[in-house]
Amino acid sequence: MTKPSSPWGARLLMTGLLLFMMPGVQAATQFVPPNGLPLDTPLGPDRNADGSAAISFRTMGRDIAKNATDLTNLRETAVTKEALASALTPYLTGNSADARYATPSSVTAAVKVETDRATSAEQSQARDLANLRDAAVTGEALTASLAPYLTGTSADARYATPASVTAAVKAETDRATSAEQTKLDKADAAAAYLPFAGGDTTGPVNGLSVYRNLFGSSASGASVILTSDNTGVLTGANCFVIPTGGVTRMDVTVVGISSNGTDAVLQTFSGLAARNIGSAAMLARAGNDTTYPAFGSSQAWSVVLGVDAPTRCVSLTGKGAGTGSWKWRASIRYETLVP
């Protein structure tokens with residue numbers, strides 16, 4: 001359809017539109033030309049290519065019906081101002097959104113601030129970590145430093161704990177207590193263990209006795225007299241005094257040990273007879289001296305047996321050799337016989 005070019009055709013079109021806008025016409029289902037004119041009556045001089053009228057009552061009625069349908073559809077789908085305002089209530093305007101939310105520029109600025117702060121913290125931590133590495137001790141260095149030291153477990157395995165010492169002391173105490181409770185007095189020992197020779201005997205325990213409290217200490221190469229108080233000087237109170245009356249048979253044993261932990265010696269004297277007549281003491285030897293082989297490299301050592309005239313004591317003098325200091329001990333097993 002072409003646009004009408006004559007004023008008359010335009011007036012007819014506007015007349016049809018006004019009729020359509022009227023309530024009665026809007027509700028009509030079909031356009032009826034006025035004055036009984038046919039629907040194909042031309043309205044204006046414009047023609048189609050086939051010679052038919054470009055605008056007629058028929059085309060005008062069809063356009064009016066289409067406009068009515070379009071208006072109906074528009075009314076059904078259109079949004080009123082009030083409905084639009086209500087629908088837009090939950091939404092923010094540009095200004096309110098800018099006031100409530102961060103803009104890209106503010107986000108960029110905030111991110112930059114945090115990025116700079118994180119970078120500064122990382123650099124500070126990197127310096128601290130480098131300093132820590134310089135001052136720290138490696139596992140290998142710590143292990144090497146602690147190697148000379150003992151742990152609690154290794155120390156317990158090497159040394160006695162207070163509990164083990166207490167247990168050991170208690171065991172020895174119990175053993176000593178048991179020995180003390182079961183010991184024999186001199187009379188019982190003489191009757192049970194010491195043999196008697198023929199004839200009557202006299203003495204401290206009325207029989208065979210042992211004098212075992214002679215001690216001495218000396219340097220290597222030096223001599224010392226063995227006494228019961230370890231003084232090295234015979235006084236008559238720190239030695240074995242030969243009993244008066246009768247004849248005393250003796251066997252002597254002397255042992256010496258060096259502090260070097262290697263050298264040790266043993267000497268015995270058997271078949272000795274001694275007599276004390278009050279004014280003098282005498283000693284006779286049957287020649288049954290036994291010098292046992294020495295332990296270690298004690299070299300030239302000696303034990304001299306004799307009688308000290310002023311005290312009438314049996315005199316034992318030890319002399320060590322080699323290295324280290326020497327400790328001596330002697331015992332005398334004797335029996336005094338009277339007719």
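Owing to the predicted nature of the structure, the values given are computational and were not obtained by experimental measurement.

**Q** Would you mind showing me how to read the pattern of salt bridges here?
**A** Between side chains of opposite charge, a pair can form when the charged atoms approach closely. Within this structure, the stated rule accounts for eight salt bridges. Between aspartate 251 and arginine 249 there is a salt bridge, with the nearest N and O atoms lying 3.4 Å from each other. On the basis of relative accessibility, which here comes to 22%, the residue aspartate 251 falls in the partly exposed class. Taking the relative accessible area as the measure of exposure, arginine 249 reaches 37% and is therefore partly exposed. One salt-bridge network, in which partners are shared between bridges, spans Arg249, Asp251 and Glu335.

**Q** Help me understand the environment of valine 32 in this model?
**A** Looking at the secondary structure, you find valine 32 in the loop between α2 (23-27) and α3 (57-77). In the structure, valine 32 is positioned 29 residues away from glycine 61 in sequence and 7.9 Å away in space, judged by C-alpha atoms.

**Q** Help me out: how do you make sense of the packing of aromatic side chains in this one?
**A** Two descriptors summarise a pair of aromatic rings, namely the distance from one centre to the other and the angle between the planes of the rings. Taken as a whole, this structure holds three aromatic pairs when the rule is applied. Summarising the aromatic geometry, the rings of phenylalanine 240 and tyrosine 334 are spaced 4.5 Å apart at their centres and angled 45° between planes, so their arrangement reads as tilted. Separated by 94 residues along the polypeptide, phenylalanine 240 in the loop between β2 (223-225) and β3 (247-258) and tyrosine 334 in strand β8 (residues 326-337) bring together distant segments of the chain. As far as burial versus exposure is concerned, phenylalanine 240 and tyrosine 334 are alike and both buried. Judged by centre distance (5.6 Å) and plane angle (20°), the rings of tryptophan 326 and tryptophan 328 are stacked. In this structure tryptophan 328 comes out as buried when scored by relative accessible area, which is 3%. Grouping aromatic residues by their ring pairs yields a cluster made of Tyr211, Phe240 and Tyr334.

**Q** Would you mind going over the state of the cysteines with me for this structure?
**A** What we call a disulfide is simply a covalent bond connecting the sulfur atoms of a pair of cysteines. The tally for this structure, following the rule as stated, stands at one disulfide. The partner cysteine of cysteine 239 in its disulfide is cysteine 313, sulfur to sulfur 1.8 Å. Of this pair, cysteine 239 sits in the loop between β2 and β3 while cysteine 313 sits in strand β7 (residues 313-319), and the two are 74 residues apart along the sequence. Of the residues examined, cysteine 239 reaches a relative accessible area of 6% and is grouped as buried.

**Q** Before we go on, may I ask you to explain α3 in this structure?
**A** Since one α-helical turn is 3.6 residues long, residues separated by three or four positions face the same way. Along its 21 residues, α3 runs 30 Å from first to last C-alpha, staying within 8% of the 30 Å computed at 1.5 Å per residue. Within α3, burial applies to Phe57, Thr59, Met60, Gly61, Ile64 and Ala68.

**Q** Teacher, can you tell me more about a nonpolar patch on the surface here?
**A** The grouping of Val79, Leu84, Leu88 and Tyr91 at the surface amounts to a nonpolar patch, some 440 Å² of accessible area in total. By the element assignment, leucine 88 lies in the loop between α4 (81-87) and α5 (94-100). Given a relative accessible area of 47%, leucine 88 falls into the partly exposed group.

**Q** Help me understand unusual backbone geometry, please; the structure alone is not making it clear to me.
**A** One can expect most non-glycine residues to show negative phi and most peptide bonds to be in trans. In this structure, asparagine 230 is a non-glycine residue whose phi angle is positive, near 60°. Topologically, asparagine 230 is positioned in the loop between β2 and β3. On the basis of relative accessible area, asparagine 230 is assigned to the partly exposed category, the value being 39%. Located in the positive-phi region is arginine 312, a residue other than glycine, with phi close to 55°. Residue class for arginine 312 comes out partly exposed when judged on its relative accessible area of 25%.

Reading the values: the criteria
- Residues numbered from 1 in each chain as written.
- Predicted model: local features only at pLDDT ≥ 70, side-chain atom pairs only at ≥ 80, totals over all residues.
- Heavy atoms only, no water.
- Salt bridge = Lys/Arg side-chain N within 4 Å of Asp/Glu carboxyl O.
- Buried < 20%, exposed > 50% of the residue type's maximum accessible area, 1.4 Å probe, protein only.
- Helix = DSSP H or I, 4+ residues; strand = E, 2+ residues; numbered from the N terminus.
- Phe/Tyr/Trp six-rings, centres within 6.5 Å; stacked < 30°, edge-to-face > 60°.
- Disulfide = S-S within 2.5 Å.
- Expected span 1.5 Å × (residues − 1).
- Patch = residues over 30% accessible without salt bridge, like charges linked within 9 Å, V, L, I, M, F, W, Y side chains within 5 Å.
- Areas by Shrake-Rupley, 256 points an atom, 1.4 Å probe, with all protein chains shown as cover.

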